Amino acid sequence: MAVEVNPLAGKPAPASMLVNVPRLVTAYFSNKPDPKIPSQRVAFGTSGHRGSAFNNAFNEAHILAISQALCDYRRQSGIDGPLFMGIDTHALAECAFASALEVFAANNVTVMIDERDGYTPTPAISHAILTYNKNRTSGLADGVVITPSHNPPEDGGYKYNPPNGGPADTDVTTGIERAANAFLEDGLRGLHRISYHRARKAASVHRYDYIGPYVADLANVVDMEAIRVSGVKIGIDPLGGAAVHFWQPIIERYGIAATIVSDIVDPTFRFMTADWDGRIRMDCSSPYAMARLIGMRDKFDVAFANDTDADRHGIVTRSNGLMNPNHYLAAAIAYLFENRPGWNKNSAVGKTIVSSAIIDRVATKLGRKLVETPVGFKWFVDGLMGGSFGFAGEESAGASFVRRDGSVWTTDKDGIILGLLAAEITARTKQDPSQLFDRLTGELGVPFYERIDAPATVAQKNLLKALSPQQLAIKELAGEPVRATLNAAPGNNQSFGGIKVVAENGWFAARPSGTEDVYKIYAESFKSQQHLRQIQQQAQAAITAAFEAK
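Engineer: Is there a simple way to explain the nonpolar core in this structure?
Structural biologist: With 86 residues, the main nonpolar core has Ile234, Ile256, Phe391 and Phe401 as its most contacted residues. It is helix α11 (residues 325-338) that contributes the most residues to this core, ten residues altogether. Ignoring sequence-local partners within four residues, the contact set of Phe401 consists of Val221, Val222, Leu336, Arg340, Trp343, Gly390, Phe391, Trp409, Ile417, Leu418 and Leu421. Formed by 51 residues, the second largest nonpolar core is a distinct cluster that contains Val19, Ala53, Leu83 and Phe97.

What follows is the structure, given as structure tokens:
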């Protein structure tokens, strides 16, 4: 059941695998998607529409259609404030930016673009939306980030953040998706568009400083003074992503002892080491993609990286290398709730249903309520906005937390503050986050956690989505009585599109992939690696039996 690791994993990407950027850009503008083919339609997942121009999944027609559908949605919803617009460093981001701006300007949408024609992280867009909308009841702002997150260089992505600053909910994205596909089916008739040259000069398009306000506000969410005074040595790798030009202003403003290990921006991402499957992927939670920074760990007290739109974090400690994302979430939660006296005494911990149960144990130790939700950061937006969550995080290395006074910071994931928090923890406790986590496990137990993929047809994936606890009927899990079998998240009773089985010292969850012919098995043991293997084997056998019963 082990994942087969490609021989290139962790090694510098060879020239032969680099994306041909001119060919990719040509495909974006020249290829025409066929809306009759499902893979070529607009499809919003948990983080917007994604795909490559090479396979007709992310082309000019898609972006024009989505942008017009978004303009229509804004009108229908009465959203008439500015639209904050950012891009990451993928090759298709500039192309999609131009296409979207042509539509926004033609529809007379007030658009805020970066004053330096640079790159804008997802958290900076969320921060800008929330800052603008504070104390407003009308003329509310929203935003768009053109990014496929950590996806390979040939991919593009487009995601929408409504006035609450977080990822758009399914009811919003479903409507935009439906309207965009209708435009594709009708040959883009009814779409409003002007030339890019005219759009850049349009009265409704304004330049905006994304870096200054975000950087100036950081001290209200992270103890930057403690980091400065301690002199803790920090290494920062933007992985060629959108945060690349944010870090030097942060270092200079707060006087911290940080080194940017690379500020190279290259749409081929030739400086990356290959991920586990031999592909280039800017995944800051992967030890293969993070090989460069891991190799520098002895130079710094703590180091960190972000993915391409900086909504994820990867923490590298001198004591233990790259932290498992679940381990860092647990350490961050333990530290924050004990070192934020301004937080609401009733604020909860938010986690996804497939995140480690070590977080449950930390929350119990802290005496804090735990709210377990389906996968997707959208489930945390209201809680962060209203202050009922102090911290919210996903097992995929995405999280955010509230300001030091307990008010909202961002309602989307912020990899920048999670990196700086690792420096604060090191500065104030004199231990890095790995050492803090080791202290927690000495008290709460050591988790053995892993996610694996297993093959599944489309029909099987649909069956898994609808599988009930009664159909699975597992009474015992790896030698322990089953305490619960769930197909809805206990924190909000919403379906998570899969099944979860929980025992005293272990659990597994199974969910279908939205993009591949596989299903994902998340499993954890608090006993041993061998016990984890037992859980995984039993999980796969139970799901296979459920498939065969149909």
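Engineer: Help me out: how do you make sense of the pairing of strand β19 (residues 480-488) in this one?
Structural biologist: Two faces, one strand: in a regular strand the side chains alternate between the faces of the sheet. Sheet topology note: the strand β18 (residues 476-477)/β19 ladder contains two bridges and is antiparallel. When the sheet's bridge partners are listed, Glu476 is paired in β19 with Pro481. Sheet topology places β19 next to strand β20 (residues 495-503); five bridges connect them, and they run antiparallel. When the bridges of β20 are listed, Ala488 appears paired with Ser495. Linkage of β19 to β20, two consecutive antiparallel strands, is achieved through a turn of six residues, within which Asn493 is found at a positive phi near 60 degrees.

Engineer: Is there a simple way to think about the layout of surface pockets in this case?
Structural biologist: The gaps of empty space that remain are located by a probe, the size of a water molecule, rolled over the atoms. Quantified by volume, the second largest pocket comes out at close to 320 Å³. Ala357, Asp360, Arg483, Val502 and Ala503 are the residues nearest the centre of the second largest pocket, which is lined by 17 residues in total. When contributions to the lining of the second largest pocket are tallied by element, the ones reaching two or more residues are α12 (358-366), β19, β20 and β21 (506-512). For the lining of the second largest pocket, the residue count by class is seven nonpolar, three polar and seven charged.

Engineer: Is there a simple way to think about the sheet that holds strand β11 (residues 313-317) in this case?
Structural biologist: Strand pairing in a sheet relies on backbone hydrogen bonds. The paired strands run either parallel or antiparallel. Here five strands make up an open sheet; going across it, the order is β9-β8-β10-β11-β12 and the pairing mixed. The open sheet terminates on both sides in strands that have one partner only, identified here as β9 (258-260) and β12 (321-322). In terms of strand pairing, strand β8 (residues 234-237) meets strand β10 (residues 302-306) through four bridges, oriented parallel. Residue Ile236 lies in a different strand from β10, and its bridge partner there is Phe304. Taken strand by strand, helix α9 (residues 247-254) contacts β8, β9 and β10, and its axis lies near 160 degrees from that of β9. Together, β8, β10 and β11 form the strand contacts of helix α14 (residues 415-429), whose direction differs from that of β10 by roughly 175 degrees.

Engineer: Any chance you could explain the sheet that holds strand β14 (residues 370-373) here in plain terms?
Structural biologist: One open sheet accounts for four strands, arranged β14-β13-β15-β16; its pairing is mixed. Each of the sheet's edge strands pairs with one partner strand only, and the pair in question is β14 and β16 (398-401). Across this sheet, the average inter-strand angle for adjacent strands is 15 degrees, counted without regard to direction. Direction of pairing for strand β13 (residues 348-352) relative to strand β15 (residues 389-394): parallel, over a ladder of four bridges. When the bridges of β15 are listed, Gly350 appears paired with Ala392.

Engineer: Just checking my understanding: could you explain the packing of aromatic side chains for this structure?
Structural biologist: For any pair of aromatic rings, geometry is given as the distance between the ring centres together with the angle between the planes. All chains considered together, the criterion is met by 17 aromatic pairs. With centroids separated by 5.8 Å and ring planes inclined at 70 degrees, the aromatic side chains of Phe380 and Phe389 adopt a geometry described as edge-to-face. Here Phe380 and Phe389 have matching classes, each one buried. With centroids separated by 6.3 Å and ring planes inclined at 5 degrees, the aromatic side chains of Phe391 and Phe401 adopt a geometry described as stacked. Of this pair, Phe391 sits in strand β15 while Phe401 sits in strand β16, placing them ten residues apart in sequence. Grouping residues by exposure puts Phe391 and Phe401 together as buried.

Engineer: Explain the environment of Asp171 here, please?
Structural biologist: Counting through the fold element by element, Asp171 comes out in helix α5 (residues 170-185). For the pair formed by Asp171 and Cys95, sequence separation is 76 residues and the distance between their alpha carbons is 28 Å.

Engineer: What am I meant to see in the side chain of Arg312 here?
Structural biologist: Checked against the element boundaries, Arg312 lands in the loop between β10 and β11. Here Arg312 is buried and forms no salt bridge, its nearest opposite-charge partner Asp307 lying at an N-O distance of 4.1 Å. For Arg312, the side chain forms a polar contact with the main-chain oxygen of Ser396, separated by 3.3 Å. Excluding its chain neighbours within four sequence positions, the residues that come into contact with Arg312 are Ser149, His150, Cys284, Ala305, Asn306, Asp307, Ser396, Ala397 and Gly415.

Engineer: Would you take a moment to explain empty space enclosed by the protein for this structure?
Structural biologist: Counted under the stated rule, the structure contains two cavities of 30 Å³ or more. In this structure, the largest cavity occupies an estimated 40 Å³ of space. At the level of elements, β11 and α11 are the ones that each hand at least two residues to the lining of the largest cavity. Element by element, the count of residues in the lining of the largest cavity is highest for β11, at three residues. Of the residues belonging to the lining of the largest cavity, the class tally is seven nonpolar, four polar and no charged. The calculated volume of the second largest cavity comes to roughly 30 Å³. In this structure, the second largest cavity is lined by Ala124, His127, Ala128, Tyr208, Tyr210 and Pro213. With three residues, helix α4 (residues 122-133) is the largest single contributor of residues to the lining of the second largest cavity. For the lining of the second largest cavity, a count of residues per class yields five nonpolar, one polar and no charged.

Engineer: Is there a simple way to explain unusual backbone geometry in this structure?
Structural biologist: Most peptide bonds take the trans form, and the phi angle of most residues other than glycine is negative. Residue Lys430 is not a glycine yet carries a positive backbone phi of 65 degrees. With respect to the helices and strands, the residue Lys430 is situated in the loop between α14 and α15 (433-444).

Engineer: I tried to follow the packing of α12 against α15 on my own but got confused; where do I start?
Structural biologist: How two helices pack is summed up by the angle between their axes together with the distance between the axes. Viewed as axis vectors pointing N to C, α12 and α15 meet at an angle of 80 degrees, and their least axial separation amounts to 11 Å. On the basis of the axis angle, α12 is roughly perpendicular to α15. Side by side, α12 and α15 meet where Ile358, Arg361, Val362 and Lys365 of the first sit next to Phe437, Leu440, Glu443 and Leu444 of the second. Taken together, the residues that form the contact of α12 with α15 break down as five nonpolar, no polar and three charged.

Engineer: Is there a simple way to explain the state of the cysteines in this structure?
Structural biologist: Disulfide: a covalent bond connecting the sulfur atoms of a pair of cysteines. Evaluation of the coordinates by the stated rule reveals zero disulfides. Note on Cys71: no disulfide assigned, nearest cysteine sulfur contributed by Cys95 at a separation of 19 Å. The class for Cys71 is buried, based on a relative accessible area of 2%.

Thresholds applied
Residues numbered from 1 in each chain as written. Predicted model: local features only at pLDDT ≥ 70, side-chain atom pairs only at ≥ 80, totals over all residues. Heavy atoms only, no water. Core = buried A, V, L, I, M, F, W, Y, C linked by side-chain atoms within 4.5 Å. Buried < 20%, exposed > 50% of the residue type's maximum accessible area, 1.4 Å probe, protein only. Helix = DSSP H or I, 4+ residues; strand = E, 2+ residues; numbered from the N terminus. Contact = heavy atoms within 4.5 Å. Pairing = 2+ DSSP bridges. 1 Å grid on protein atoms, 1.4 Å probe; cavity = no way out; pocket = protein on both sides within 12 Å on 5 of 7 lines; lining within 4 Å. Points joined across faces, edges and corners; volume = space filled by probe spheres on them. Nonpolar A, V, L, I, M, F, W, Y, C, P; charged D, E, K, R; others polar. Axes fitted to C-alpha atoms, helices over the stretch in contact; angles between N-to-C directions. Phe/Tyr/Trp six-rings, centres within 6.5 Å; stacked < 30°, edge-to-face > 60°. Lys, Arg positive; Asp, Glu negative; His and termini not counted. Salt bridge = Lys/Arg side-chain N within 4 Å of Asp/Glu carboxyl O. Polar contact = N/O pair within 3.5 Å; in protein donor to acceptor, adjacent residues only side chain to side chain. Parallel < 35°, antiparallel > 145°, perpendicular 65-115°, else oblique. Disulfide = S-S within 2.5 Å.

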